Amino acid sequence: MPPIDTLYTSTLGAFEAAHAGFVQVALAVSAFLFVIGALGVFIRRNVITVMMCIELMLNAVNLAFIAFSRAHGTIDGQILVFFVFTVAAAEAAVGLAIVIALQRHREDLDVDSFNLLKG
Amino acid sequence: MILDVILFYGAAIVALASGIFVIAQRNPINSAFSLIITMCSLAVMFAMLGSGFIAVLQVVVYAGAIMVLFLFVIMLLNAKQDEGDRAGGIGRAAIVLGIILAVQAVAVVWNGSATLPTNYRDTAAVDVARGLFASPRFLYAFEATSILILSALVGAIVVARKEKAKGQ
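About the cut-offs
Residues numbered from 1 in each chain as written. Chains lettered and ligands numbered in written order. Predicted model: local features only at pLDDT ≥ 70, side-chain atom pairs only at ≥ 80, totals over all residues. Heavy atoms only, no water. Helix = DSSP H or I, 4+ residues; strand = E, 2+ residues; numbered from the N terminus. Buried < 20%, exposed > 50% of the residue type's maximum accessible area, 1.4 Å probe, protein only. Contact = heavy atoms within 4.5 Å. Core = buried A, V, L, I, M, F, W, Y, C linked by side-chain atoms within 4.5 Å. pLDDT = per-residue confidence, 0-100. Patch = residues over 30% accessible without salt bridge, like charges linked within 9 Å, V, L, I, M, F, W, Y side chains within 5 Å. Areas by Shrake-Rupley, 256 points an atom, 1.4 Å probe, with all protein chains shown as cover. Salt bridge = Lys/Arg side-chain N within 4 Å of Asp/Glu carboxyl O. Buried area = accessible area lost by both parts, 1.4 Å probe. Polar contact = N/O pair within 3.5 Å; in protein donor to acceptor, adjacent residues only side chain to side chain. Axes fitted to C-alpha atoms, helices over the stretch in contact; angles between N-to-C directions. Parallel < 35°, antiparallel > 145°, perpendicular 65-115°, else oblique. Expected span 1.5 Å × (residues − 1).

Q: What's the story with the overall build of chain B in this structure? I'm lost.
A: What chain B contains, in helices and strands, is six helices and zero strands. Across chain B, helices and strands are ordered from the amino to the carboxyl terminus as α-α-α-α-α-α. With 168 residues in all, chain B has 36% of them scored as buried. When contacts within chain B are restricted to residue pairs at least 6 apart in sequence, long-range pairs at least 24 apart make up 61% of them.

Q: Would you mind showing me how to read the nonpolar core here?
A: For soluble globular proteins, nonpolar side chains are generally found buried alongside one another. The biggest cluster of nonpolar side chains holds 59 residues, and the ones touching the most others in it are Met45(B), Leu49(B) and Phe70(B). Contributing elements (two or more residues each) for this core: α3 (22–43), α4 (47–72) and α5 (76–106) of chain A together with α1 (2–24), α2 (28–48), α3 (52–77) and α4 (89–110) of chain B. Of the residues forming this core, the biggest block, twelve residues, is contributed by α3(B). If we skip the residues at most four places from it in the chain, Phe70(B) touches Ile48(A), Met51(A), Met52(A), Glu55(A), Ala92(A) and Leu96(A). The next biggest cluster of nonpolar side chains, apart from the first, holds six residues, and it includes Ile75(A), Val128(B), Leu132(B) and Phe138(B).

Q: How should I be thinking about the confidence of the model for chain B in this particular structure?
A: Fine structural detail should not be taken from predicted coordinates in areas where pLDDT scores are low. All names here are of chain B. Taken residue by residue, chain B gives an average pLDDT of 84. The fraction at 70 or more is 86%. The spread of mean pLDDT over the elements of chain B runs between α4, the lowest at 79, and α2, the highest at 94. As scored by the predictor, the complex reaches a pTM of 0.86 and an ipTM of 0.86.

Q: What is the right way to read a nonpolar patch on the surface from this model?
A: Residues and elements named next belong to chain B. A cluster of nonpolar residues, Leu150, Leu153, Val154, Ile157 and Val158, forms a patch on the protein surface that exposes about 480 Å² of accessible area. Mapped onto the fold, Val154 is located in helix α6 (residues 139–160). Residue Val154 is classed as partly exposed on the basis of its relative accessible area, which comes to 46%.

Q: Quick question: what am I supposed to make of the interface of chain B and chain A here?
A: When the parts come together, some accessible area is lost, and that loss is often what is quoted as the size of the interface. Listed per partner, the contact involves 87 residues of chain B and 83 residues of chain A. Each partner contributes to the roughly 8000 Å² buried at the junction of chain B and chain A, and carbon and sulfur atoms together form 74% of this total. At the boundary of chain B with chain A, the tally comes to one salt bridge. For Asp76(A), the salt bridge goes to Arg137(B), with nearest N and O atoms at 3.0 Å.

Q: Would you mind going over the side chain of Asn46(A) with me for this structure?
A: Mapped onto the fold, Asn46(A) is located in the loop between α3 and α4. In terms of polar contacts, Asn46(A) uses its side chain to reach the backbone amide nitrogen of Ile48(A), at 3.1 Å.

Q: Looking at this structure, I do not really get the pattern of salt bridges. What am I missing?
A: Pairs may arise between side chains of opposite charge once their charged atoms sit close together. Residues and elements named next belong to chain A. Inspection of every chain in the model, using the stated rule, returns three salt bridges over all chains. Among the salt bridges present, the one from Asp110 reaches Arg45, with a minimum N-O distance of 3.1 Å. Of this pair, Asp110 sits in the segment after α5 while Arg45 sits in the loop between α3 and α4, and the two are 65 residues apart along the sequence. Here Asp110 and Arg45 have matching classes, each one buried. When salt bridges with common partners are traced through the structure, they connect Arg45, Asp110 and Asp112 into a single cluster.

Q: Teacher, can you tell me more about the environment of Ile23(B) here?
A: Tracing the chain through its elements places Ile23(B) in helix α1. Separated by 79 residues in sequence, Ile23(B) and Ala102(B) place their C-alpha atoms 16 Å apart. Not counting residues up to four positions away in its chain, the partners in contact with Ile23(B) are Ile36(A), Leu39(A), Gly40(A), Ile43(A), Arg44(A) and Cys53(A).

Q: Is there a simple way to explain the environment of Gly155(B) in this structure?
A: Inspection of the secondary structure assignment puts Gly155(B) in helix α6. Taking the C-alpha atoms as reference points, Gly155(B) and Ile99(B), 56 residues apart in sequence, are found 37 Å from one another.

Q: What is the right way to read the packing of α2(B) against α3(B) from this model?
A: Residue and element names in this part refer to chain B. Running from N to C, α2 and α3 cross one another at 175°; their axes reach a closest spacing of 9 Å. As judged from the angle between their axes, α2 and α3 are roughly antiparallel. Together, Pro28, Ile29, Ala32, Phe33, Leu35, Ile36, Met39, Cys40, Leu42, Ala43, Phe46 and Ala47 of α2 and Ile54, Ala55, Gln58, Val59, Tyr62, Ala63, Met67, Leu71, Ile74 and Met75 of α3 make up the contact between the two elements.

Q: Looking at this model, I keep getting lost on α1(B). Mind explaining?
A: An α-helical turn contains 3.6 residues, so any two residues separated by three or four positions project in the same direction. In this model, α1(B) (23 residues) spans 33 Å end to end at C-alpha, consistent with the 33 Å of a helix rising 1.5 Å per residue. Three or more residues of α1(B) are buried, namely Asp4(B), Phe8(B), Ala11(B), Ala12(B), Ala15(B), Ser18(B), Gly19(B), Val22(B) and Ile23(B).

Right, dumping it as structure tokens:
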């Protein structure tokens, strides 16, 4: 994959000075959003909220991909974000179908009550 | 120039704050709206980092489609409020795990370098399409994605379908 500067040759010299810290800030925000999402998976009990925390973690990963795409000057990170979007949409569709089935059969959305496989 | 910095840091702060609200709210609807705010401010950050097309996709696909699906399900099921945080050991273990993960994240970011390529331009949709299709690198992944979507479609219908009576 050629770097983007072979696709476009315009340079943004003065622009870079103000943007030098953006990648690191984006990586820090990404890391903290991932931690927040992981914490939410542990401490929340509603299935839908847990799924939203998973979406939050996927978004944090997307931000890291974009930041690294910016840092390396290639477009591969953005293409991977494209794939993450697709997987997230599929995951949300199947997960919410499972939530609807759970509500129909168990009439409960508390993750602690789904312990049929517990030994 | 300074406006860029203010916009980026503001979006970062809003993203973190609304991300915390996502897990701090008891009501799933409030969590969903906080998550929409998080996604929109992340879209601002994407655009500031030079990925305008991905920013548009973030708003359209995530905030527009996936979160509306979540809100549909929350309101369809009339999900009652969370009874409270996870009791006892697992909650404390989650806090400890979160602190460890945060320290690791800060350490990783701290060791990174801040140099950027100077000749970089905001990418448009055509750049993403060219990167996706110009070389066969992502060809099989792209085809696998279509199979994934098809199986997710079938799976969602099968799982959420109302079961027929047994003796039919």
